[in-house]
Amino acid sequence: MVTAITGQAEDFSQWYVDVIRKAELADYAPVRGCMVIRPYGFGIWERARDLLDLRIKRDAGCQNAYFPLFIPQSYLEKEAEHVEGFAPEVAWVTHGGDEELEERLAIRPTSEAIICSMYSKWISSYRDLPLLINQWSNVVRWEKVTRPFLRTTEFLWQEGHTVHQSEEEAEEYTLMILQMYKDFFWEDLAIPVIDGIKSEREKFAGALRTYAVEAMMPDGRSLQAGTSHNLGQHFAKVFDIKYLDEKQKEVYAWQTSWGVSSRIIGALIMTHGDDSGLMLPPKVAPVQVVVVPIIFDATKEKVLAESRKLAEELNSEGIACKVDDREGQTAGWKFAEWEMRGVPLRLEVGPKDLEKGTVLSVRRDNRKKEFIPRDGVSAFIKDFLPAFQQDLLKRAEERQEALTQVVEDYGEFKHLMEGRPGFLISGWCGDDACEGKIQEETKATVRVIPLDEMDFPKKCLCGKKAKRAAYYAKAY
RNA sequence: CGGGGCGUAGCGCAGCCUGGUUAGCGCGCCUGCUUUGGGAGCAGGAGGCCGGAGGUUCAAAUCCUCUCGCCCCGACCA
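These notes cover the structure that comes with them. (Residues numbered from 1 in each chain as written. Chains lettered and ligands numbered in written order. Predicted model: local features only at pLDDT ≥ 70, side-chain atom pairs only at ≥ 80, totals over all residues. Heavy atoms only, no water.)

A few points about the overall build of chain A
Then step 1. Helix and strand counts for chain A stand at 14 helices and 23 strands.
Then step 2. Referenced to the eigenvectors of the C-alpha coordinate spread, the extents of chain A come out at roughly 85 × 55 × 50 Å.
Then step 3. Counting only residues that meet the buried cut, chain A has 56% of its 476 residues in that class.
Then step 4. Long-range contacts, defined as pairs at least 24 residues apart, comprise 69% of the intrachain contacts of chain A with a sequence gap of at least 6.
Then step 5. With the model as given, the accessible surface of chain A reaches about 21,400 Å², and the carbon-plus-sulfur share is 49%.
Then step 6. The averaged location of the 77 negative side-chain charges in chain A is 2 Å from the averaged location of its 63 positive side-chain charges. (Helix = DSSP H or I, 4+ residues; strand = E, 2+ residues; numbered from the N terminus. Buried < 20%, exposed > 50% of the residue type's maximum accessible area, 1.4 Å probe, protein only. Contact = heavy atoms within 4.5 Å. Areas by Shrake-Rupley, 256 points an atom, 1.4 Å probe, with all protein chains shown as cover. Lys, Arg positive; Asp, Glu negative; His and termini not counted. Charge placed at Lys NZ, Arg CZ, Asp CG, Glu CD.)

As structure tokens, this is what we get:
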């Protein structure tokens, strides 16, 4: 064994870190809590980013823009809840060269403050609305504990910031974004998510309401994967975002903000990976198909030529295909290597295939082997990739279902939460104190309050009448 | 930020308790030959201020102090 990975069952956290390093997704940087996203990891991010960017433009109607990294302290402090929420984790710039700055500059932990300050200049009429802008950027949050991709000091994300004429319109848009995120996770990343509204204590600092999608990881912890906030008029009032409506009345605007971060790479690793390493959904795989030539001296040239020709052919048809024609490694080593890196399909081309006019295909999930007629390879792959994407989703969905159960009794709830049972669905009275007590006693939090109609226990865990269902889990 | 563990070659580790020659081992890397359909074999070779800074000592990877970083479990967050 050259590159052993710790087994998932043995130590899930260690498995996660092993995969990241061995598959060359990322490496630790000299600065605490920071990581380098290496080309293969960045390749996954680029694909996911492009898929989401398409939806942001097409479904959400946004245009991309870019705002500064620095936010003056006074701007960040305008919205009281906002500053209170972010103050503990802001990195500050105090000097420019040798000169001390008159006002400290925050390195953005999120961009509401700087963006709203500009919006206030740009908006003066109802005709300027809605204003729909998205930004792809990095942000910095000085977190106490960090983990690659899941929580790093600096991370990459997109943040959408929109302005609307009415509360209803803003609310509708917030929910539309939530649906867009759901589609992105289910369809593009093959990650099943639950969705709903956050409780008061879990909502974004400065928001009126926060909606979120959450994904259940194989270790039973929930990962907040995307958030969509209805900001109400909180920021409009302090940043003075006003416009003249059709009746010539000056009114404050209504806003939303929403984001998805490079954390999704962590979700991809955990959701689909196994003891052999990564397993990537074809839509985000930097390499969808790898061709491994089986080299013997007598047939080496012919096999290499055929392998390269095959890869060229597939690439020209839009399939991300790579030939592993390195000569230092044996075929078996390459098999293990590409499995670890999560490539959905491997094609082997050897002398026997040349004779028979076939190639051998091996899929990543179950290693099932199949001989494909050489002239049918491209058609085979075009069927295979979407099917594989579906298979991964189904596998993840089944696990999420297995990690979700309804619990009525608080004693049982506490007992289950001593482990990592995944999602526990219960009734909730809606009382903040009740939620706080449960969190204190079990470490579990309300992940979301589902919006869809569903059956739920009529009593809250505290014994009072339940108003709504709630998904509880321990969270990342 | 609290509790626990760990920093020695690219990776994984031994050596430390009980200070003492040129600091070892496995994998990887380089060269050559034989190999290649599930992590190849043999031979030769390169690669280290022992995380960093102070101290104790004739002498420090080893003892002491401080510091930085990583991992795990908690409290906080995308």
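A few points about the nonpolar core
Then step 1. The biggest cluster of nonpolar side chains holds 74 residues, and the ones touching the most others in it are F185, I269 and F413.
Then step 2. Top element by residues in this core is helix α6 (residues 167-188). It accounts for seven residues.
Then step 3. With residues near it in sequence (within four places) discarded, F413 still touches V407, L424, I438, T442, A444, L461 and Y472.
Then step 4. L76, C116, L129 and I241 belong to the second-largest nonpolar core, a separate cluster that totals 28 residues. (Core = buried A, V, L, I, M, F, W, Y, C linked by side-chain atoms within 4.5 Å.)

Examining the layout of surface pockets
Then step 1. Approximately 1,100 Å³ is the volume found for the largest pocket.
Then step 2. The wall of the largest pocket is formed by 36 residues, among which E89, R141, E143, Q224 and R263 lie closest to the centre.
Then step 3. Taken together, the residues of the lining of the largest pocket break down into twelve nonpolar, 13 polar and eleven charged. (1 Å grid on protein atoms, 1.4 Å probe; cavity = no way out; pocket = protein on both sides within 12 Å on 5 of 7 lines; lining within 4 Å. Points joined across faces, edges and corners; volume = space filled by probe spheres on them. Nonpolar A, V, L, I, M, F, W, Y, C, P; charged D, E, K, R; others polar.)

Points about the side chain of T358
Then step 1. With respect to the secondary-structure elements, T358 resides in strand β18 (residues 358-363).
Then step 2. Apart from the residues lying within four places of it in its own chain, the contact partners of T358 are D353, F371, I372, P373 and R374.

Examining empty space enclosed by the protein
Then step 1. Taken as a whole and assessed by the stated rule, the structure comprises two cavities of 30 Å³ or more.
Then step 2. Its volume calculated, the largest cavity comes out at about 50 Å³.
Then step 3. V290, W338, E339, V343, L345, R346, V362, R363 and R364 together form the lining of the largest cavity.
Then step 4. Secondary-structure elements contributing two or more residues to the lining of the largest cavity are α10 (331-340), β17 (345-349) and β18.
Then step 5. Residues belonging to the lining of the largest cavity are distributed by class as follows: five nonpolar, no polar and four charged.
Then step 6. Space inside the second largest cavity adds up to approximately 50 Å³.
Then step 7. Every residue along the wall of the second largest cavity is listed here: V17, I20, R21, A26, D27, Y28, M35 and P148.
Then step 8. If you list the elements that add at least two residues to the lining of the second largest cavity, you get α1 (12-22) and β1 (26-28).
Then step 9. Taken together, the residues of the lining of the second largest cavity sort by class into six nonpolar, no polar and two charged.

Describing the sheet that holds strand β4 (residues 70-72)
Then step 1. The antiparallel open sheet is built from three strands, whose spatial order is β4-β6-β5. Edge positions in the open sheet fall to β4 and β5 (91-96), since each of these has one partner strand only. Pairs of neighbouring strands in the sheet enclose a mean axial angle of 45°, with direction left out of account.
Then step 2. Across five bridges, β5 lies against strand β6 (residues 99-107) in antiparallel orientation. For A91, the partnering residue across the bridge sits in β6 and is I107. (Pairing = 2+ DSSP bridges. Axes fitted to C-alpha atoms, helices over the stretch in contact; angles between N-to-C directions.)

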